[in-house]
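# Fold and contact review
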Amino acid sequence: MESLTLNVRVDANDKKGFEQFCNSVGMNVSTAVNMFIKAVLREQKLPFEVRSDNFDEIIYNKLKEAEQEMSMTTKRYTKDEVVKSINNIIG
């Protein structure tokens, strides 16, 4: 299989810290980056959570919307229905 070079710009301190980490676990930066790429391709997702800085604000607004909707109806919700709804919102 053909190997290619991947150039990535990173902060100098981050690079140094990453090199030190890699060395401490017995690998080099190239091996660690290749492991990352393989994990992304295998799992078809990033191997960590990515979310916006305003995630808490989004959740708060969604819960406020749900609270307003619930106050405009006479229907009463069970604990399980509320938990299910929250899980759907924050999915």
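Residues numbered from 1 in each chain as written. Predicted model: local features only at pLDDT ≥ 70, side-chain atom pairs only at ≥ 80, totals over all residues. Heavy atoms only, no water.

## Looking at unusual backbone geometry
Comment: phi is negative for the bulk of residues other than glycine, and the bulk of peptide bonds are trans. Of note in this structure, glutamine 44 is not a glycine but carries a positive phi near 55°. For glutamine 44, the position within the fold is in the loop between helix H2 (29-43) and helix H3 (55-71). Relative accessible area serves as the criterion here: at 64%, glutamine 44 is assigned to the exposed category. (Helix = DSSP H or I, 4+ residues; strand = E, 2+ residues; numbered from the N terminus. Buried < 20%, exposed > 50% of the residue type's maximum accessible area, 1.4 Å probe, protein only.)

## Description of the pattern of salt bridges
All told, the structure shown has 3 salt bridges when counted by the stated rule. Of the charged contacts, one joins glutamate 19 and lysine 15 as a salt bridge, the two residues approaching to 2.6 Å between their closest N and O atoms. Remark: lysine 15 and glutamate 19 occur in helix H1 (residues 12-24); sequence separation between them is 4 residues, near one turn of the helix. Classification of lysine 15 as partly exposed rests on a relative accessible area of 44%. The partner of lysine 64 in a salt bridge is glutamate 67, and the shortest N-O contact between them spans 3.1 Å. Here glutamate 67 and lysine 64 lie together in helix H3, a separation of 3 residues that amounts to about one turn. (Salt bridge = Lys/Arg side-chain N within 4 Å of Asp/Glu carboxyl O.)

## Digging into the packing of H1 against H2
With their axes 9 Å apart at the nearest point, H1 and H2 run at an angle of 90° to one another. Between H1 and H2, the angle is such that the two are roughly perpendicular. Residues Phe18, Glu19 and Cys22 of H1 pack against Val29, Ala32 and Val33 of H2. Grouping the amino acids of the contact of H1 with H2 by side-chain chemistry returns 5 nonpolar, no polar and 1 charged. (Axes fitted to C-alpha atoms, helices over the stretch in contact; angles between N-to-C directions. Parallel < 35°, antiparallel > 145°, perpendicular 65-115°, else oblique. Contact = heavy atoms within 4.5 Å. Nonpolar A, V, L, I, M, F, W, Y, C, P; charged D, E, K, R; others polar.)

## Remarks on the packing of aromatic side chains
Under the defined criterion, the tally for this structure stands at 1 aromatic pair. Ring centres 6.3 Å apart and planes at 15° place the aromatic pair phenylalanine 36 and phenylalanine 48 in the stacked group. On the criterion of sequence distance, the pair formed by phenylalanine 36 in helix H2 and phenylalanine 48 in the loop between H2 and H3 is long-range, its members being 12 residues apart. Phenylalanine 36 gets classed as partly exposed once you look at its relative accessible area, which sits at 34%. (Phe/Tyr/Trp six-rings, centres within 6.5 Å; stacked < 30°, edge-to-face > 60°.)

## Some points on H1
The end-to-end C-alpha distance of H1 is 18 Å, a good match for the 18 Å that 13 residues give at a rise of 1.5 Å each. Among the residues of H1, the N-terminal cap falls to aspartate 11, whose side-chain oxygen and the backbone nitrogen of asparagine 13 are separated by 2.9 Å. Backbone geometry just downstream of H1 places glycine 26 in the positive-phi region, at approximately 80°. (Expected span 1.5 Å × (residues − 1). Polar contact = N/O pair within 3.5 Å; in protein donor to acceptor, adjacent residues only side chain to side chain.)

What is shown is where atoms sit, not what they do.
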